[in-house]
Amino acid sequence: MKRHLSSMTILLALPQGELRSQLHLLLSTASDIASVLPVENAQGVLTSLQTGTVDFIILDESLLADEPPSLIDEVLEIKTLPILILASRREARRARSACAQGALDILTYADIACSAERTLSVVRMLATIQIPPPKRTHTGIPFKKPETSQVIGIVSSSGGPQVLRDLFKQLPPRYPYPILVAQHNAKGFSEGLVQWLSQNSAVPAVRAEMGMRLTPERIFVAPSGMNMMVDGGKLVLAPPVVGQHYTPSGDHLLTSLSREFGDMVIGIILSGMGDDGTQGVKAVKNAGGCTIAQDEATSQIFGMPKEAIASGAIDHILSPTQIAQKLKQLSDKCETRKTGMFSR
């Protein structure tokens, strides 16, 4: 269910300074935003949540501590609500960790300085999202087609990094199939995302490079600002096309995989805004592959999975736990010898 900004209080949590003044002015003068409450430290965040009505938090990465307890965990323990992290492009380790703990997305200082309208657009989209409380889900859904599939393409956006981490943590170290990830992210964040995923997965994650050969036992992450595709068993990188709204493009990734590997592809759509990946899963489905969408109960933002499901191209609607279980089943059934598809 969508919420309305006109009845919401936005908590603006960052140290006093020019940036906070600019954001406070931008938000408080927007005609569709009810009220903005500025605080300058972590204690101010927690006190505001406990004593007042807060519906959305804009939180600077400088307020995130390296040691537990995590501020994100403390916030969500008090109230389940959307959180946007502000961060620099170079020093974003804490911001990525915050997204893993439940924050929805990251907005860079450079993005804020570049476009006030884009900043407002991001705030408007995220603030009105109704975040579902954590739910336990049950496994055991029948799953027939993927056991013969040998390439996995994943598309994710806001709310996706923590789901990727949870999926990859459950895979065996020598996972026998290549995994390709198109995670929407701001320019310059892909390097940190790769490092963070590698630290939280037994399967090595690498930043995709032009001409890199597709191999098993690797997670290939599309670089920021580039589309990742596959041709002749090798990675191809290309800049966004005119009019492209999402980068890296999930549609480009999944469509190229369907052309290259046909019914040996599993296409997965995770949490995120918009409709990226819908055309891609259609291509996978038409080629005889298997398609999966994250379920609404576990999606922080159900936009991308919802659009993919509405297209009629999704075979299975699963929780992250169920997706990981099925990917592990593929590994368990895989023969130890390598297939010829990666050595051609």
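Residues numbered from 1 in each chain as written. Predicted model: local features only at pLDDT ≥ 70, side-chain atom pairs only at ≥ 80, totals over all residues. Heavy atoms only, no water.

Novice: Go over the overall build of the protein, please, and point to the residues and values.
Specialist: Counting its secondary structure elements, the protein contains 12 helices and 14 strands. Out of the 344 residues in the protein, the part that is buried amounts to 54%. Counting only contacts in the protein whose residues sit at least 6 apart along the sequence, the fraction spanning at least 24 positions is 72%. Taken as a whole, the protein presents about 15100 Å² of accessible surface, with 51% of it coming from carbon and sulfur. (Helix = DSSP H or I, 4+ residues; strand = E, 2+ residues; numbered from the N terminus. Buried < 20%, exposed > 50% of the residue type's maximum accessible area, 1.4 Å probe, protein only. Contact = heavy atoms within 4.5 Å. Areas by Shrake-Rupley, 256 points an atom, 1.4 Å probe, with all protein chains shown as cover.)

Novice: Would you mind going over the sheet that holds strand β5 (residues 105-108) in detail, with residue names and values included?
Specialist: If you walk across this open sheet you meet the five strands as β2-β1-β3-β4-β5, and the pairing is parallel. The strands lining the two open edges of the sheet, one partner per strand, are β2 (35-39) and β5. Looking at each pair of strands side by side, their axes are set apart by 20° on average, direction ignored. For strand β4 (residues 83-87) and β5, the ladder comprises four bridges, and the chain directions are parallel. (Pairing = 2+ DSSP bridges. Axes fitted to C-alpha atoms, helices over the stretch in contact; angles between N-to-C directions.)

Novice: Please set out the pattern of salt bridges residue by residue, giving values where relevant.
Specialist: Applying the stated criterion across every chain, the model contains eight salt bridges. For the salt bridge of Arg124 with Glu117, the shortest nitrogen-to-oxygen distance reads 3.5 Å. In this structure, Lys285 and Asp315 form a salt bridge, with 2.2 Å as the shortest nitrogen-oxygen distance. With Lys285 in helix α10 (residues 278-286) and Asp315 in the loop between α11 (303-310) and β14 (316-318), this pair connects stretches of sequence that are 30 residues apart. Here Asp315 falls in the partly exposed class, since its relative accessible area comes to 30%. Where salt bridges share partners, they join Asp32, Glu117 and Arg124 into one cluster. (Salt bridge = Lys/Arg side-chain N within 4 Å of Asp/Glu carboxyl O.)

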